[in-house]
Amino acid sequence: MRASTDPQAATADRYRQFAEVEARGMSACYEEWARGVADDPVTAALIDRLPGPKRQPNLVFSASRFHGAPVSDYAAFSVWLAAHWADVEATCLTHATQTNEPGRCAVLLPALAAIPGPLALIEVGASAGLCLHPDRYSYRYTAADGTVRMLHPAAGPSPVVLDCATTGPVPIPDRLPDVVWRAGIDLNPLDVNDEADVAWLDALIWPEHADRRASLRAAVEVARAEPVEIVSGDLNEQVEALVARAPTGATVVVFHTAVLAYLDEEATRRFAATMARLPVRWLSNEGQSVVPAVAENLRAVPTASTDFVLARGTEPIAFTQPHGRALHWLA
Ligand SMILES: C[S@@+](CC[C@H](N)C(=O)[O-])C[C@H]1O[C@@H](n2cnc3c(N)ncnc32)[C@H](O)[C@@H]1O
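Reading the values: rules and limits
Residues numbered from 1 in each chain as written. Predicted model: local features only at pLDDT ≥ 70, side-chain atom pairs only at ≥ 80, totals over all residues. Heavy atoms only, no water. Domains from an automatic or database assignment. Contact = heavy atoms within 4.5 Å. Buried area = accessible area lost by both parts, 1.4 Å probe. Salt bridge = Lys/Arg side-chain N within 4 Å of Asp/Glu carboxyl O. Polar contact = N/O pair within 3.5 Å; in protein donor to acceptor, adjacent residues only side chain to side chain. Helix = DSSP H or I, 4+ residues; strand = E, 2+ residues; numbered from the N terminus. Nonpolar A, V, L, I, M, F, W, Y, C, P; charged D, E, K, R; others polar. Buried < 20%, exposed > 50% of the residue type's maximum accessible area, 1.4 Å probe, protein only.

Examining the domain arrangement of the protein
Step number 1: The assigned domain composition of the protein is domain 1 (3–94) and domain 2 (102–329).
Step number 2: Taken over C-alpha atoms, the centre of domain 1 sits 29 Å from the centre of domain 2.
Step number 3: Contacts between the two partners involve 17 residues from domain 1, matched on the other side by 13 residues from domain 2.
Step number 4: Together domain 1 and domain 2 conceal approximately 1,200 Å² of surface at their shared face, both sides included; 67% is due to carbon and sulfur atoms.
Step number 5: Where domain 1 touches domain 2, the interface holds 0 salt bridges.
Step number 6: Viewed at the interface, domain 2 and domain 1 are joined by 5 residue pairs in polar contact (both at pLDDT 80 or more).
Step number 7: At the level of secondary structure, the elements contributing two or more residues to the side of domain 1 that touches domain 2 comprise α1 (7–23), α2 (28–38) and α4 (57–66).
Step number 8: At 6 residues, α4 tops the list of elements feeding residues into the side of domain 1 that touches domain 2.
Step number 9: Residues that form the side of domain 1 that touches domain 2 fall into these classes: 11 nonpolar, 4 polar and 2 charged.

Structure follows, in structure tokens:
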């Protein structure tokens, strides 16, 4: 039987690929768990009780962590999962992978700061909106030669300090952009004031990434102090109306990171066409093949196949590490 028609083989393949492509070098724990599931028909059969889209390794592992699965070897995890399957299953059915990574502001910032302000920011696929506060975080950019550039909000250093390694001619600004208005759109907005939502965001962070967990917690405090509206709905349905609400006199920037991969090709093309039609600046930070209009213009080759492409309109301007840890500016 071909893997594509064998549900169990498909789950094994998905977990093996997750181990080799996504988790390797990023999370030793998730790499081991995913390899373990791939080689364990009993646990794969448990996961196969979920609908296909919910068998996603990142979702099953995050739901497990949400319910207290300890960092462990695979043998202990498989025993834990069997004992807690009802809870994990229920969470997989009601939750989605909505990782909100404020670190991505570090790769967006040079592009944002190059746009004449003041800025009105609209993030589509905002999750809890933590990337809507780029002017309220501090940044530490470290170049390949060891040179460090720090940037702080006008009011002084932020409790959120985002580290980013840079290569290429990154146009690091002298100051943070002047943001006068901000709003988001999400199919399922998460609420920074809801402890269960914050606990879910925490569980979505991979086990070894303590620095990302600390940034999340600090960014949640920043966001709680400055509430932002996140409209509930599909980005294609909502974006035009939200753009129309932006204040006159501000440059409207519509941006998204790690979002369009959730759309089918037609919805992605529709969104790109809307961005070309509306009076906005469009910044995207997505996987290399996710935005066809950007991929068509991509000439450079990234160092890592997992790198995202930062684009201004349809023009690729940088490769970025998916969590914002590194930025390679294209000449
Ligand atoms: C992986 S999260 C990224 C969140 C945030 N952009 C970041 O980089 O931290 C993707 C988000 O996109 C949202 N999303 C997916 N498809 C969407 C759609 N069609 N319209 C609006 N939001 C969508 C999901 O609900 C989720 O919160």
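Some remarks on the environment of Leu201
Step number 1: Structurally, the position occupied by Leu201 is in helix α8 (residues 195–203).
Step number 2: Classification of Leu201 by relative accessible area gives buried; the value is 2%.
Step number 3: With 76 residues separating them in the primary sequence, Leu201 and Arg277 have C-alpha atoms 34 Å apart.
Step number 4: Every residue in contact with Leu201, bar those within four places of it in the chain, is listed here: Gln98, Asn100, Ser127, Ala128, Leu190 and Leu216.

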